[in-house]
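Observations on the model geometry
Below, each chain spelled out in residue letters.
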Amino acid sequence: MANKRGTAGSAPFHDILGQYLVLILIILFYKFSSATMDDIFRAGQSMMLSPVAAASRDVRYLLYDVNPLEGFNLRRDVYIRMASLLKTLRKNGDWVLVLPPWGRLPHWQSPDINQVRIPWGEFFSITSLQANIPVIEYEEFISESGGPFIDQILVLQRSAEGWTDGKWEEMADEPTCIEKLMYSKDKHGYYRGWFWGYEETRALNVTCLSAQGHASTLAPVLQNKLNAMSLMLDRAESVLHDHYAGKDYWDTRRSMVFAKHLRIIGDDFRAKYLNSTDKQDQTPYNDDWTQMKNRLGSAKGGPYLGVHLRRKDFIWGHREDVPTLKRAVKKIRSLLKKHKLQQVFVATNADEEELSKLKRMLPEMVRYEPTCEDLKLLKDGGVAIIDQWICAHGRYFIGTSVSTFSFRIHEEREILGFDPKTTYNRFCGDDENECEQPTHWKIVY
Ligand SMILES: Nc1nc2c(ncn2[C@@H]2O[C@H](COP(=O)(O)OP(=O)(O)OP(=O)(O)O)[C@@H](O)[C@H]2O)c(=O)[nH]1
Ligand SMILES: *[C@@H]1O[C@H](CO)[C@@H](O)[C@H](O)[C@H]1NC(C)=O
Ligand SMILES: *[C@@H]1O[C@H](CO)[C@@H](O)[C@H](O)[C@H]1NC(C)=O
């Protein structure tokens, strides 16, 4: 669905002609564009390169994976750190980032759908990512690099000495593994393990690296000490941001444009159930993120309150900063009154029991509820993105304390140009009298 290649099949003749024209223009563009533009877009054009051409490029592939327990929205943050690492690496070589397929996430539990080997293109716009750094999907890596082999895996770990004065120790070179490896040698001497559900994938070598530091401190190690063409960082969440919320951070964050079909479904829902359109709401969106710079405070937002109520594991631990449903509904009602809004859109991962309770207490709430068929197509990740997209367009938003799901909504609203007062809000726990509100992170363009 998100895949442009699939759309030509039944197109009328003039459409096909149009496509050829576009293709010719693209080819001309590549011929005459500068070397740096070439660099950025080459990876995405990998289908046009023969393996020989790829080899002659001396390209090096950076792959990564994250602790299996981490959720979708933290993984999106790890991508930003990897992009930053890749930018540093590219100062001295033709590195390409290989996007780790989505799957087997702890929260993606919808039954009867097979949620592994999901390419990034199902959730994000690949061309948008490519306007920031060269990226390819894992399957492209397999065909481009000559097979399902990864030359070297580096498992990131804490240094054996542990914490020193609570500071991250910036050392990235210690070859002994502390924990038991999640990879094991097969009878041919290749390493087997979890490679996003691609069982045929093997690694030629696995070592551990104590790397408690920023992306930039890792770069020289990867650059100089290893001759591998493809390098995979496992436990990549242990790499720290070089500069959280700086220009580089925001460039990458802005490039993480949601896949078009998800935005369209979200927009249709807004129009149909929430009387919300970009024109009325003053939330113009440009498919080309490099051209997008909405002024802070310029977005009005649709005539509804956007709510993210993170439940399940957030309440099972009896966290002090998460409200009971009763308290949450009370807050919702007071916000509706204060901001003179009639409608409330609720995104939540509440279980059936809590959901019916919530429906009883807040019967007028609007939710995005996919049919079984939609769910099969969009998967849990797509549905979560649509929820985030709709929350991001409301006149006022309130989320859940320290939920990365809510944080990503804050960023989306920042990009759209909302007044920070309407964005950086969270529910207080029942027993918190003064609760600290989320931090405003301003975009650096
Ligand atoms: N559709 C939908 N899914 C949600 C919602 N809230 C949570 N989820 C699901 O639960 C996951 C929450 O985990 P994360 O994305 O990691 O965000 P988080 O709230 O910080 O949770 P942790 O990572 O566990 O701390 C999401 O990825 C979704 O799969 C919601 O409002 N709507
Ligand atoms: C595996 O990688 C380490 C670290 O680069 C290297 O020292 C070692 O020789 C490699 N082993 C093999 C079998 O290539
Ligand atoms: C939708 O919003 C517009 C202006 O924002 C308003 O004029 C119109 O009456 C609204 N329609 C409904 C059905 O509420």
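A brief report on the enclosed structure follows. (Residues numbered from 1 in each chain as written. Chains lettered and ligands numbered in written order. Predicted model: local features only at pLDDT ≥ 70, side-chain atom pairs only at ≥ 80, totals over all residues. Heavy atoms only, no water.)

**Quick look at the nonpolar core**
Note that soluble globular proteins tend to have their nonpolar side chains buried in a common cluster. Just so we agree on the cut-off: Nonpolar cores were defined as sets of buried Ala, Val, Leu, Ile, Met, Phe, Trp, Tyr and Cys residues, with membership established by side-chain atoms within 4.5 Å. Think of it in three bands: residues with accessible area under 20% of the maximum for their type are buried, residues over 50% are exposed, and the middle band is partly exposed, with areas taken using a 1.4 Å probe on protein chains only. Only heavy atoms enter the contact rule, under which two residues are in contact if any of them lie within 4.5 Å.
Counting 74 residues, the largest nonpolar core has Tyr64, Tyr79, Leu85, Leu233 and Phe345 as its most contacted members. Ignoring sequence-local partners within four residues, the contact set of leucine 85 consists of Leu62, Ala215, Leu218, Ala219, Leu222 and Leu233. In this structure, Val98, Ile136, Val206 and Cys208 belong to the second largest nonpolar core, which totals 21 residues.

**Things to note about the sheet that holds strand β11 (residues 302–309)**
Which entries qualify depends on this criterion: Strands are treated as partners if at least two bridges between them are detected by DSSP. Secondary structure follows DSSP: runs of H or I at least 4 residues long count as helices, runs of E at least 2 residues long count as strands, and numbering of each begins at the N terminus. Fitted lines through C-alpha atoms serve as axes, helices being fitted only where they are in contact, and the angles separating the N-to-C directions of these axes extend from 0 to 180 degrees.
What the 3 strands build is an open sheet, ordered β12-β11-β13; its pairing is parallel. Single-partner strands in this sheet number two, and they are β12 (343–348) and β13 (394–398). Across the sheet, the mean angle from the axis of one strand to that of its neighbour is 25°, orientation sign disregarded. For β11 and β12, the ladder comprises 6 bridges, and the chain directions are parallel. The partner of valine 307 across the bridge, within β12, is valine 346. Packed onto the sheet, helix α14 (residues 372–392) meets β11, β12 and β13 and runs at close to 150° relative to β12. Each of β11 and β13 touches helix α15 (residues 404–416); the most contacted strand, β13, lies at about 150° to it.

**Regarding the site of ligand 1**
Under the convention used in this document: Proximity is defined per residue: if any heavy atom of the residue lies within 4 Å of a molecule or strand, that residue is considered near it. Between N or O atoms, a polar contact is any pair within 3.5 Å; within protein, one atom must be a potential hydrogen donor and the other a potential acceptor, and residues adjacent in sequence are included only when both atoms are from side chains. With residues, only the protein chains shown are counted as cover, and all accessible areas are computed by Shrake-Rupley using a 1.4 Å probe. Put plainly, a pocket is an open set of points on a 1 Å grid over the protein atoms alone with protein on both sides within 12 Å along at least five of seven lines, a cavity is a set where a 1.4 Å probe fits but cannot get out, and a lining residue has an atom within 4 Å of a point. More than half of a molecule's atoms within 2 Å of the grid points is what it takes for that molecule to sit in a cavity or pocket. For this classification, Asp, Glu, Lys and Arg are treated as charged, while Ala, Val, Leu, Ile, Met, Phe, Trp, Tyr, Cys and Pro are nonpolar and the rest, including Gly, are polar. Marked domain ranges trace back to an automatic or database domain assignment.
Taken together, 18 residues surround ligand 1, and among them Asn73, Arg310, Asp387, Ser403 and Thr404 come closest. Contacts to ligand 1 include threonine 348, whose backbone N or O atom sits 2.9 Å from an oxygen atom. Contact distances for ligand 1 include 2.5 Å between an oxygen atom and a backbone N or O atom of threonine 404. Burial of ligand 1 by the protein chains amounts to 87% of its free accessible area of 610 Å². Of all the cavities here, the one that holds ligand 1 is the second largest pocket. Those elements that place two or more of their residues in the shell around ligand 1 are α4 (72–89), α11 (313–316), β12, α14 and α15. Looking at which element gives the most residues to the shell around ligand 1, the answer is α14, with 3 residues. Residue composition of the shell around ligand 1, grouped by class: 7 nonpolar, 8 polar and 3 charged. Taken together, domain 1 (60–162 + 170–234) and domain 2 (260–422) each give at least three residues to the shell around ligand 1, which thus spans both.

**A short note on the packing of aromatic side chains**
Given two aromatic rings, their pairing is described by the distance between the two centres and the angle made by the two planes. Test applied: In this analysis, rings of Phe, Tyr and Trp, with Trp reduced to its six-membered ring, are considered paired at centre separations within 6.5 Å, and the interplanar angle assigns stacked below 30 degrees, edge-to-face beyond 60, and tilted for intermediate values. Lysine NZ or arginine CZ positioned within 6 Å of the ring centre and within 35 degrees of the ring normal marks a charge as sitting over the ring.
This model, assessed by the stated rule, comprises 27 aromatic pairs. An aromatic cluster of at least three residues, connected via ring pairs, comprises Phe72, Tyr79, Trp102, Trp108, Trp120, Phe123, Phe124, Phe258, Tyr285 and Trp389. Against the face of tyrosine 198 rests arginine 117, its NZ or CZ located 5.9 Å from the ring centre. Residue placement shows arginine 319 over the ring face of phenylalanine 314; its charged tip is 4.1 Å from the ring centre.

**Describing the side chain of serine 230**
Note on placement: serine 230 falls in strand β10 (residues 230–234). Exposure remark for serine 230: the relative accessible area of 1% places this residue in the buried category. Looking at serine 230, its side chain comes within polar contact range of the main-chain nitrogen of aspartate 151, at 2.9 Å. Every residue in contact with serine 230, bar those within four places of it in the chain, is listed here: Tyr61, Leu63, Phe141, Phe149, Ile150, Asp151 and Gln152.

**Looking at α4**
Rules: Helix span is expected to be 1.5 Å times the residue number reduced by one.
Look at α4: 26 Å from first C-alpha to last across 18 residues, which is about the 26 Å you get at 1.5 Å a residue. With 17 of its 18 residues buried, α4 lies for the most part within the structure.

Honestly, it's all geometry; don't read function into it.
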